[in-house]
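The lines below spell out each chain.
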Amino acid sequence: MNRAEVGGDLVVASLVVPAAELVERFSRSSGPGGQSVNTADSRVELSWDLGASAAVSEAQRVLLTRRLASRLAGGVLTIAASEHRSQLRNRQAARVRLAALIEAALTPPRPRRPTRPSLAAKQARLAAKRRRSELKAARRSRDDG
């Protein structure tokens, strides 16, 4: 099933958001469309109440709430789409964006790799080089002159 399918459940990596939990509102859109812009309600606002959703586990809810805190308004995640002239295509675009947002928030962060070695690591490396140099110097014959 296509995860952007309009009217059906929203399938995201490890969870399925039932269509009953998604609320769509339509309004007039600005932008392309000519005269139909003034008559057609092609802008879509797709809302999902994360706080009341039965589709997510408690651990997922905590993770999503923490990672999407700036996008949530009262526990509700809202996506607006108005880039297409057609209401159907805007509905699909909103669903794709919502799914991508949820998937990105549920993906565990990559482990941080420091960009430069710490001071202790530098000192340990230089000390090891010094010990190795002294060992090699001790092996050399004394009458190299």
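Residues numbered from 1 in each chain as written. Predicted model: local features only at pLDDT ≥ 70, side-chain atom pairs only at ≥ 80, totals over all residues. Heavy atoms only, no water.

**Student:** Help me out: how do you make sense of the overall build of the protein in this one?
**Tutor:** Looking only at helices and strands, one finds three helices and six strands in the protein. When the helices and strands of the protein are placed in sequence order, the string is β-β-β-β-α-β-β-α-α. Put simply, the protein has 145 residues, and 26% of those count as buried. Residue pairs at least 24 apart in sequence account for 60% of intrachain contacts in the protein once pairs closer than 6 positions are excluded. Accessible area of the protein: about 9900 Å², with a carbon and sulfur share of 52%. (Helix = DSSP H or I, 4+ residues; strand = E, 2+ residues; numbered from the N terminus. Buried < 20%, exposed > 50% of the residue type's maximum accessible area, 1.4 Å probe, protein only. Contact = heavy atoms within 4.5 Å. Areas by Shrake-Rupley, 256 points an atom, 1.4 Å probe, with all protein chains shown as cover.)

**Student:** Explanation requested: helix 2 (residues 87-106) in the structure shown.
**Tutor:** Helix length check: helix 2, at 20 residues, gives a terminal C-alpha distance of 29 Å against a target of 28 Å (1.5 Å per residue), a fit within 8%. When helix 2 is considered as a whole, its buried residues turn out to be Asn90, Ala93, Ala94, Arg95, Leu98, Ala99, Ile102, Ala105 and Leu106. Sitting at the amino-terminal end of helix 2 is Ser86, which places a side-chain oxygen 3.2 Å from the backbone nitrogen of Leu88. (Expected span 1.5 Å × (residues − 1). Polar contact = N/O pair within 3.5 Å; in protein donor to acceptor, adjacent residues only side chain to side chain.)

**Student:** Would you explain the pattern of salt bridges in this entry?
**Tutor:** For side chains bearing opposite charge, pairing can occur when the charged atoms are close. Under the definition given, this model contains six salt bridges. When the shortest N-O distance is used, the salt bridge between Glu45 and Arg43 registers 2.7 Å. Taking the shortest distance from any N to any O, the salt bridge between Glu58 and Arg61 comes out at 3.4 Å. Of the two residues, Glu58 and Arg61 are both situated in helix 1 (residues 58-67); the distance of three residues between them amounts to about one turn of the helix. Note on Arg61: relative accessible area 16%, which makes it buried. Linked through salt bridges whose partners overlap, the residues forming this network are Glu24, Arg91 and Arg95. (Salt bridge = Lys/Arg side-chain N within 4 Å of Asp/Glu carboxyl O.)

**Student:** Got a minute to help me understand a positive patch on the surface in this structure?
**Tutor:** On the surface, Arg116, Lys122, Arg125 and Lys129 cluster together into a positively charged patch. Along the chain, the position of Arg116 falls in the loop between helix 2 and helix 3 (119-139). (Patch = residues over 30% accessible without salt bridge, like charges linked within 9 Å, V, L, I, M, F, W, Y side chains within 5 Å. Lys, Arg positive; Asp, Glu negative; His and termini not counted. Charge placed at Lys NZ, Arg CZ, Asp CG, Glu CD.)

**Student:** Looking at this model, I keep getting lost on the nonpolar core. Mind explaining?
**Tutor:** Generally speaking, nonpolar side chains in soluble globular proteins are found buried as a group. With 23 residues, the main nonpolar core has Leu10, Leu22, Trp48, Leu64, Leu98 and Ile102 as its most contacted residues. Going through the elements one at a time, strand 1 (10-12), strand 2 (15-17), strand 4 (43-49), strand 6 (76-81) and helix 2 are the ones with two or more residues in this core. When near neighbours in sequence (up to four residues on either side) are disregarded, Ile102 contacts Val12, Leu15, Trp48 and Leu64. (Core = buried A, V, L, I, M, F, W, Y, C linked by side-chain atoms within 4.5 Å.)

**Student:** Sorry if this is basic, but what is going on with the sheet that holds strand 5 (residues 72-73) here?
**Tutor:** The pairing of strands in a sheet comes from backbone hydrogen bonds and takes either a parallel or an antiparallel form. The strand order 3-4-6-5 describes an open sheet built from four strands, whose pairing is antiparallel. Every interior strand has two partners, whereas the edge strands, strand 3 (22-27) and strand 5, have only one. Pairing analysis gives six bridges linking strand 4 to strand 6, with the strands arranged antiparallel. Of the residues in strand 6, the one forming a bridge with Trp48 is Leu77. (Pairing = 2+ DSSP bridges.)

**Student:** In this structure, what is going on with the pairing of strand 6? I would like to understand it.
**Tutor:** Here is the key point about a regular strand: its side chains alternate between the two faces of the sheet. The side-chain alternation of strand 6 yields one buried face, formed by Leu77, Ile79 and Ala81, and one unburied face, formed by Val76, Thr78 and Ala80. The turn joining strand 5 and strand 6, which pair antiparallel and follow one another in sequence, is formed by two residues; a positive phi near 65° is taken by Gly74.

**Student:** Explanation requested: the environment of Val11 in the structure shown.
**Tutor:** Structurally, the position occupied by Val11 is in strand 1. When the C-alpha positions of Val11 and Val96 are compared, they lie 9.8 Å apart, and in sequence the two are 85 residues distant.

**Student:** Any chance you could explain the confidence of the model for the protein here in plain terms?
**Tutor:** A low pLDDT means the predicted coordinates there should not be read in detail. Looking at the protein, the pLDDT average stands at 83 and 87% of residues meet or exceed 70. Within the protein, the element-level pLDDT minimum falls on strand 1, averaging 80, and the maximum on helix 3, averaging 95. (pLDDT = per-residue confidence, 0-100.)

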